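# Coordinate inspection notes
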Amino acid sequence: MFNYTESLINLYQNIVRSYVKKTQVAVDCTLGRGNDALFLNTIFDKVYAFEIQEQAIQDFKEKNSKVIVFHESHEKIWMIEEEIDFIIYNLGYLPKGDKSITTNAETTLISVKNAMKKLCKWGIIIIIIYPGHEEGKREQVELLKYLKNVDKSIWGVMHHEMVNREKSPSLLLIEKYN
């Protein structure tokens, strides 16, 4: 099929491999099925993850015991004491899970603000947003509204979005310069 536009997951993984300068600490703010945490575990010295659903945590722990998982909402990213080199959010609901349990605009915005405070110089945050459902639309609107006004001497913000497909996910990238 397509090369570049086929998968936001492939795109973010290529960004990590190509542009993340330090590979000491990474955070998966939305563990879900654990695929992002498993990928990060192949690159970073230490990986943390956040998840609110107990079953998702238990399923993941059967696959991997090296990732440090918090049974907490991602807005508590401040619990991590180290500076963070890379952070991923894969918003929405647990794949093949209860679609009534989703990330939401309020906690996601709090989490991103907290994450930006923990990010090291040259660190990157990637947020994959799914505006195909109501809460995903709200998350995208609120995140873009906030990120349009961050200090451009410190933060570079880019939004990758498919323009010829309705309700397709998009990728926000936040890079810290200073």
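The structure this text deals with has already been given above.
Everything in this summary refers to the structure shown in the same document.

Conventions we followed
- Residues numbered from 1 in each chain as written.
- Predicted model: local features only at pLDDT ≥ 70, side-chain atom pairs only at ≥ 80, totals over all residues.
- Heavy atoms only, no water.
- Phe/Tyr/Trp six-rings, centres within 6.5 Å; stacked < 30°, edge-to-face > 60°.
- Helix = DSSP H or I, 4+ residues; strand = E, 2+ residues; numbered from the N terminus.
- Buried < 20%, exposed > 50% of the residue type's maximum accessible area, 1.4 Å probe, protein only.
- Arc of directions from axis to C-beta.
- Core = buried A, V, L, I, M, F, W, Y, C linked by side-chain atoms within 4.5 Å.

Per the counting criterion, the structure on display carries six aromatic pairs. Aromatic pair Tyr12 and Phe39: ring centres 5.8 Å apart, planes at 85°, arrangement edge-to-face. With Tyr12 in helix H1 (residues 8–19) and Phe39 in helix H2 (residues 35–41), this pair connects stretches of sequence that are 27 residues apart. Across the pair, Phe39 and Tyr12 agree in class, each one buried.

Every buried residue of helix H3 (residues 54–63) is listed here: Ala56, Ile57 and Phe60. Seen from one end, H3 has its buried residues packed into an arc of 100°, which puts them on one side. Exposed and oriented more than 90 degrees from the buried face of H3 are Gln55 and Glu62.

Moving on to the nonpolar core. Formed by 27 residues in total, the largest nonpolar core has its most connected members in Val27, Ile77, Ile87, Tyr89, Ile125 and Ile127. Ile15, Phe39, Phe44 and Val69 belong to the second-largest nonpolar core, a separate cluster that totals 24 residues.

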